[in-house]
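Commentary on secondary and tertiary structure
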Amino acid sequence: MPVTCSNEGCDEVVSKRDVKQHELDLCRFKTTTCDDCGKKMPHLEYGAHGCVLRREMDEVKQGLTEMKATQHEMMEEMREGIQRLTIAFESLQKSVNSKSTDIVVIAGFNPKTKLFLSSVERFNLLNQTWAQLPRLKIARTNSAALVLKNQLFVCGGFHKSDGYLDSIEVLDLNGNPPEWHDFFVNLPIKVSDHKCVVHGDRLLIIGGETRSGENLDTIYELLLVPPYSSKLLCHMKKKRAYHGVELFDEKVLIAGGAGAETDVEIFDIARNECVEMPPLPSRVCRMGTVRRGDTMLLIGGVDGIDAQKASNAIIEYDFKTGQNKILLAMKMKRADCLCVCRGNTLIVIGDVGYNSDAVDCFNFSSNSWKRLPSMAEARVFASAVLVNLENFEF
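Because the structure is predicted, anything quoted here is derived from the model rather than measured.

Attention now goes to the overall build of the protein chain. From N to C terminus, the protein chain includes 3 helices and 28 strands. For 394 residues, the compact-globule estimate of 2.2 N^0.38 gives 21 Å, and the protein chain exceeds it by more than 25% at 36 Å. A principal-axis box enclosing the C-alpha atoms of the protein chain has dimensions of 125 × 45 × 45 Å. In the protein chain, once contacts between residues fewer than 6 apart in sequence are set aside, the share between residues at least 24 apart is 43%. Counting every atom, the protein chain has about 20600 Å² of accessible surface; 49% of that belongs to carbon and sulfur. Here the protein chain holds 48 positive side-chain charges and 53 negative ones, and the gap between their average locations is 3 Å.

Next comes the structure, spelled out in structure tokens:
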């Protein structure tokens, strides 16, 4: 039998057997009493009642407070985790660095005594001490240095009497007694202010200045194993000296330098060709460079046109994309400085100005600079390499 709901405001008609369930449970107009203030109202108005809204708002606030507390705890746990990872990484890095990896600084010019140098000294990264190594046979400046199979090579450069050099001197790091000797062959050209990289058993000689005083756009190859042959590989897009060069697997990134202003190019070893890249943010030459991951860092230097304008900027250049930026600044302006990068540490040595023996270290983890012990001898226009001297006693 159909009957009408008895709740005021409801005009629904339901079966008589279901009317009680409808009136007490289902009807929107059933009477509901607020637990907080005791006010009675139709159930459909209860959701908008002030006490209910305040209760829901309090619950939301409590939830937000608990969420913030949880987020704070999570952030603290993340920070602690990062700190633990950083400590572990630095400990591992210190362990790796402790394996007698040293910096060797070679020859150059002493601005205080005005003498060309044949002296060689090494800096122990673990003990932070300098020690003398055997002297070169020829005093030279503006040479290029590299390490291959426990042998230290010094290539080309400039000599006070002989001028531009094509000679190569080699120091066997496992030799007993250690001494420099002439390599089997010379460079294919007499050159200074050039750059060299080793790819396999091949030495690539990139750019530089010739006896005529002109900058080169050439890239030569010299085999460091029999038959010790050499040949011209290709010409760069620009003539360069005092430029920056870093090897990235099968490609060589070549940046800046006297005569090249802001130009950057990549030498593809497999294809034997040079490809233009996006330019540097400013003209720079006589800077130090290091490879760090997929980037080249260009440290200090001078304006390619105004040689009096030394820089304290460190430019980061991505060899894959060509994107570049000023990464950070040194505490002092530097030109003709030597640079090496070991793990998370950048070490900058010397300067053509008043700090020709100064050594500074930048830690990328702590984002801080630190002054290291000075070289035993002030020098500019030198060369530097990282070597493993673990089994080499002097």
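Next comes the rest of the write-up.
Regarding helix 1 (residues 19-26), the residues found buried are V19, H22 and E23. Summarising the axial view, the buried residues of helix 1 lie within an arc of 90°, below the 170-degree limit, and thus occupy one face. Those residues of helix 1 that are exposed and angled more than 90 degrees off the buried face are K20 and L24. On the buried face of helix 1, the contacting elements are strand 1 (2-4) and strand 2 (13-15).

Our next topic: the nonpolar core. Judged by nonpolar contacts, the single largest core of 19 residues is most densely connected at F153, C155, I168, L187, L203, I205 and L224. At the level of elements, strand 8 (144-148), strand 9 (151-159), strand 10 (163-172), strand 12 (195-199), strand 13 (202-206) and strand 14 (216-223) are the ones that each hand at least two residues to this core. Not counting residues up to four positions away in its chain, the partners in contact with I168 are F153, V154, C155, H181, D182, F183, V185, N186, L187 and L222.

Attention now moves to the layout of surface pockets. Taken as a whole, the largest pocket spans an internal volume of roughly 1100 Å³. Of all the secondary structure elements, the ones that give two or more residues to the lining of the largest pocket are strand 8, strand 12, strand 16 (244-248), strand 20 (288-292), strand 24 (338-342) and strand 28 (383-388).

Below, the discussion takes up the pairing of strand 23 (residues 324-334). Pairing between strand 22 (residues 311-318) and strand 23: 6 bridges, direction antiparallel. Counted as the bridge partner of A313 is A329 from strand 23.

The next subject is unusual backbone geometry. Working note: non-glycine residues mostly have negative phi, and peptide bonds are mostly trans. With omega at 15°, the peptide bond leading from P226 into P227 counts as cis. Residue Q128 is not a glycine yet carries a positive backbone phi of 55°. For N272, which is not a glycine, the phi torsion comes out positive at approximately 55°. Along the polypeptide, N272 turns up in the loop between strand 18 (264-268) and strand 19 (273-277). N272 sits in the partly exposed class, given a relative accessible area of 32%.

Further remarks concern the domain arrangement of the protein chain. Each assigned domain of the protein chain is listed here: domain 1 (19-86) and domain 2 (118-387). Between the C-alpha centres of domain 1 and domain 2 the distance comes to 68 Å.

Quick notes on the rules
Residues numbered from 1 in each chain as written. Predicted model: local features only at pLDDT ≥ 70, side-chain atom pairs only at ≥ 80, totals over all residues. Heavy atoms only, no water. Helix = DSSP H or I, 4+ residues; strand = E, 2+ residues; numbered from the N terminus. Rg over C-alpha atoms; globule rule 2.2 N^0.38 Å. Contact = heavy atoms within 4.5 Å. Areas by Shrake-Rupley, 256 points an atom, 1.4 Å probe, with all protein chains shown as cover. Lys, Arg positive; Asp, Glu negative; His and termini not counted. Charge placed at Lys NZ, Arg CZ, Asp CG, Glu CD. Buried < 20%, exposed > 50% of the residue type's maximum accessible area, 1.4 Å probe, protein only. Arc of directions from axis to C-beta. Core = buried A, V, L, I, M, F, W, Y, C linked by side-chain atoms within 4.5 Å. 1 Å grid on protein atoms, 1.4 Å probe; cavity = no way out; pocket = protein on both sides within 12 Å on 5 of 7 lines; lining within 4 Å. Points joined across faces, edges and corners; volume = space filled by probe spheres on them. Pairing = 2+ DSSP bridges. Domains from an automatic or database assignment.

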